[in-house]
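Below are the chains, spelled out letter by letter.
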Amino acid sequence: MELLCPAGNLAALKTAIKAGADAIYLGLKDDTNARSFAGLNFTPEKLEEAARFTHGAGKKLYMTLNTFPKPGEEQRWYHAVDLAAKVNADALIVADLSLLDYASSRYPHIPLHLSVQASATNHGALSLYKQAFNIERAVLPRVLSMKQVRDLAKDSPVDLEVFAFGSLCIMAEGRCHLSSYVTGQSPNTGGSCSPANAVRWQEEDGNRMTRLNDVLIDKAKVNEQIGYPVVCKGRFTAEDSDSPSYLLESPTSLNTLSLLPELARAGVVSLKIEGRQRSPAYVEQVTRVWRAAIDTFMAAPERYQVQTQWDQALAKVSEGQVTTLGAYERQWQ
Amino acid sequence: MKLSLGPLLYCWEKSRVEDFYTQVAVTDIPLVYLGEAVCSRRRELTTGDYLQLARMLRDAGKNVVLSTLALIEAGGELTELKRQVDNGEFIIEANDMAGVFHARDAGLPFVCGPHINLYNAAAVRRLHDWGMQRFVMPVELSRNWLAKVLDDLGDIRPEVEVLGHGHIPLAHSARCFTARHRKLAKDGCKTICREYSSGLLVQTQENQPLLRLNGIQTQSAACVDLRGEWDAMAAMGVDYFRISPTDEKLPHMQQKPILNPMSCNGYWFGEAGIRQL
């Protein structure tokens, strides 16, 4: 099983590779990828350096082009594909039909991975992308139960990659408009979910109010641990109850260490760590733990057990220090 | 530009659904979409029941399209989708790429609903090549976006439909938020969403209406209302103005929208969707 780690910059990339990543994924410093936070990502020069370092270490580099080109500006996205080809990227992670078209016809030798933003959750959708663009792999949205992953893997026309650890996105990715509904900026069109410039914290009477483009997402005691404000993890009231609660989901992270054997048995080829926006320290911590877990499993699959120190190390870098199996576990749904 | 009626997104009892479409049959809306687009656990009406309603509407002179699920996860859902594609009488509205796959495979034309990501002319053209007759503009896009895409497409293009009135479907999850709110497991949900005939209203802690929870679907609390943009849309070449059924009666198209906190139109003007301009 491949351990695929995030790199928001060159420092994180080097850290990930030294800590045991088999492959890393990254994006350009613009809206051709859905993590266009200020200070993140790679210029064309840095991309070349990243490719040299990664390939020099015998590892793989995947380029993320997971937004949908804007009308009149398509050339920028096509240019990003050209850049990836120039540095010999080992795969392109793509969601948009026009980009899949462009990449598969111009560079048929570069493997295409269907981005999670394409929201393909079933055999029919995967077959379409396989037939039309010869994709090799698909990243599954975080909405399938373990049984559904297993069933899909049995007759999937392509390899499957799943999210193993990181921030928990609870909606079918690529088809969630909560961010643009509140802020006007959308992951699909190249902003990001809950862009930082729309976030505002203010203290009032011992409470901390978290606003996203002036919409109150949460109100917490000033000493309370709070997560990054996304609409789906806010505290709201329902029409039939006055007390605010996490009606959709609380701030929590996905951690599937305990599912590793099941994911391996299902034939999942790659485990993805979420967090290009996170620090090199996060990348190092998470990569080390997952490297150890995968190696332990591979050495003796039948004796695999999640070690307490792994969970403790991961809890430290988890949102709200709480982890969940998310949709993999039917109970969560 | 003509009117269309999108699929009913809420879980209403069978008799109420039948009454609703009996009323729709005598309206002057020429295009009607119907079918379960949100959750396969809702079984008030079967695909057979929807087909019967579809025939009734067709006999009343309507052009009818069968809407299919937005989130397809289980094998059973895929089997049902194939059955819908192969119904032999009506084309489908694909809300997932699996619908596109099966319609294309069967050589049948289809419509792409708002949940298919079509963000540029090249992507629209590709789907048109595969048999897409018409597409609903993704909900977060704007008038300017549409103008550019239509310009890029030129004369050879599929028809375009815009969600002009109704609560905006913003997201879909594996989790059923309605069941969770009522402390029920999804597998034992008792189709509790029947009790929320226009979803469960969610407000911020400052009482600002924000969302509507409709089972696994999350909608806007506010109702998008683009009736005031009718002429502009028609001039741009939009083919259909979609009304998404709400709990109330169908909107009067002659009335101009009334501005209030429960209406929104931001997306159309390139702003946050929640805004009313």
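Model, not experiment: these values are computed from the prediction.

What follows covers unusual backbone geometry. One non-glycine residue, A:N88, lies in positive phi territory at about 55 degrees. Along the polypeptide, A:N88 turns up in the loop between α3 (74–86) and β4 (91–94). Of note in this structure, B:K190 is not a glycine but carries a positive phi near 55 degrees. Note on placement: B:K190 falls in the loop between α7 (177–181) and β8 (200–203).

Before going further, it helps to spend a moment on the side chain of B:S67. Residue and element names in this part refer to chain B. Following the sequence through the fold, S67 ends up in strand β3 (residues 63–67). A relative accessible area of 0% places S67 in the buried class. A polar side-chain atom of S67 sits 2.7 Å from a polar atom in the side chain of E93. Ignoring anything within four residues of it in the chain, the contact list for S67 reads P7, Y33, L34, G35, E36, Q84 and E93.

A few words now on the interface of chain A and chain B. Contacts between chain A and chain B engage 66 residues on the former and 70 residues on the latter. Interface of chain A and chain B: buried area, both sides summed, is about 5,400 Å²; carbon and sulfur atoms make up 55% of it. Looking at the side of chain A facing chain B, the largest losses of area belong to A:P71, A:R175 and A:Y181, adding up to 16% of the total buried there. Notably, a salt bridge pairs B:E206 with A:R211, separated by 2.7 Å at the nearest N-O pair. Our count for the contact surface shared by chain A and chain B stands at 39 residue pairs in polar contact (both at pLDDT 80 or more).

Below, the discussion takes up the UniProt feature "binding site: [4Fe-4S] cluster" (unreviewed entry) in chain A. All names here are of chain A. Mapped onto this structure's residue numbering, the UniProt feature "binding site: [4Fe-4S] cluster" (unreviewed entry) falls at C169, C176, C193 and C232. These annotated residues cover 64 residues of sequence, and their C-alpha atoms all fall within 10.6 Å of one another, placing them together at a single site. Residue placement: C176 occurs in the loop between β7 (159–167) and α7 (178–183). We classify C176 as buried; its relative accessible area is 18%.

How each quantity is defined
Residues numbered from 1 in each chain as written. Chains lettered and ligands numbered in written order. Predicted model: local features only at pLDDT ≥ 70, side-chain atom pairs only at ≥ 80, totals over all residues. Heavy atoms only, no water. Helix = DSSP H or I, 4+ residues; strand = E, 2+ residues; numbered from the N terminus. Buried < 20%, exposed > 50% of the residue type's maximum accessible area, 1.4 Å probe, protein only. Polar contact = N/O pair within 3.5 Å; in protein donor to acceptor, adjacent residues only side chain to side chain. Contact = heavy atoms within 4.5 Å. Buried area = accessible area lost by both parts, 1.4 Å probe. Salt bridge = Lys/Arg side-chain N within 4 Å of Asp/Glu carboxyl O. UniProt positions renumbered as here; feature names shortened; annotations may be inferred.

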